[in-house]
Amino acid sequence: MDAPRDLSSVCIVTQAIYPDLMGGGAVGAHELANLLQARGLAVAVHTVDYRRPAEAKDAVEVRYALTRHRFPRLPWDAIGTAGNPFAWRIYGAVRRDPSPV
């Protein structure tokens, strides 16, 4: 039988976070992270940085560790087939995160 794991920290990966984008997934990820943090878990959120420079300040309460990864522009973005350039950057960030969940 495996030893019990420390489940005191959580890593959340989301395509967007409130207030960067207004939408169900972005708001849901923000609220979930704040609620888990309020319950005593250490929460790390990784997302794409959709903010423009003028919007760089957070206007809402963020109780969790938030890392916004720059969205790299790739040659095929110009033709509308962006693929998922975020995937490799987020994969590395999550692999380095010590959170078991």
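Our subject is the structure listed above.
Please read all numbers here as calculations on a predicted model, not as lab measurements. (Residues numbered from 1 in each chain as written. Predicted model: local features only at pLDDT ≥ 70, side-chain atom pairs only at ≥ 80, totals over all residues. Heavy atoms only, no water.)

A count of helical and extended segments in the chain gives 2 helices and 3 strands. Each of the 101 residues in the chain was classed as buried or not, and the buried ones make up 31%. Restricting to contacts in the chain with at least 6 residues of sequence separation, those with at least 24 account for 62%. Looking at the chain as shown, the accessible area adds up to about 7,000 Å², and 57% of this sits on carbon and sulfur atoms. (Helix = DSSP H or I, 4+ residues; strand = E, 2+ residues; numbered from the N terminus. Buried < 20%, exposed > 50% of the residue type's maximum accessible area, 1.4 Å probe, protein only. Contact = heavy atoms within 4.5 Å. Areas by Shrake-Rupley, 256 points an atom, 1.4 Å probe, with all protein chains shown as cover.)

What follows covers the sheet that holds strand β2 (residues 42-49). Here 3 strands make up an open sheet; going across it, the order is β1-β2-β3 and the pairing parallel. Edge positions in the open sheet fall to β1 (9-13) and β3 (65-70), since each of these has one partner strand only. In this sheet, neighbouring strand axes are inclined to one another by 20° on average, regardless of whether the strands run parallel or antiparallel. Here β1 pairs with β2 via 5 bridges, running parallel. (Pairing = 2+ DSSP bridges. Axes fitted to C-alpha atoms, helices over the stretch in contact; angles between N-to-C directions.)

Now for the pattern of salt bridges. Following the criterion strictly, the structure yields 2 salt bridges and no others. Put simply, aspartate 20 and arginine 68 hold a salt bridge, and the shortest N to O gap is 2.8 Å. One end of the pair, aspartate 20, is in the loop between β1 and α1 (24-38); the other, arginine 68, is in strand β3, and 48 residues separate them in sequence. The same class applies to aspartate 20 and to arginine 68, which are both buried. Notably, a salt bridge pairs glutamate 61 with arginine 63, separated by 3.1 Å at the nearest N-O pair. Accessibility expressed as a relative area gives 51% for glutamate 61, which makes it exposed. The class for arginine 63 is partly exposed, based on a relative accessible area of 39%. (Salt bridge = Lys/Arg side-chain N within 4 Å of Asp/Glu carboxyl O.)

This paragraph deals with the nonpolar core. Membership of the largest hydrophobic core is limited to 10 residues, which are Val10, Ile12, Ile17, Ala29, Ala33, Leu36, Leu41, Val43, Val45 and Tyr64. At the level of secondary structure, the elements contributing two or more residues to this core comprise β1, α1 and β2. If you tally residues by element for this core, the top one is α1, at 3 residues. With sequence-adjacent residues up to four places away left out, alanine 33 is seen in contact with Ile12, Val43, Val45 and Tyr64. (Core = buried A, V, L, I, M, F, W, Y, C linked by side-chain atoms within 4.5 Å.)

Right, let's get into the environment of threonine 67. Secondary-structure assignment places threonine 67 in strand β3. Taking the relative accessible area as the measure of exposure, threonine 67 reaches 33% and is therefore partly exposed. C-alpha of threonine 67 to C-alpha of aspartate 49: the two residues are 18 residues apart in sequence and 8.4 Å apart in space. Beyond its immediate sequence surroundings of up to four residues, threonine 67 is in contact with Val45, His46 and Thr47.

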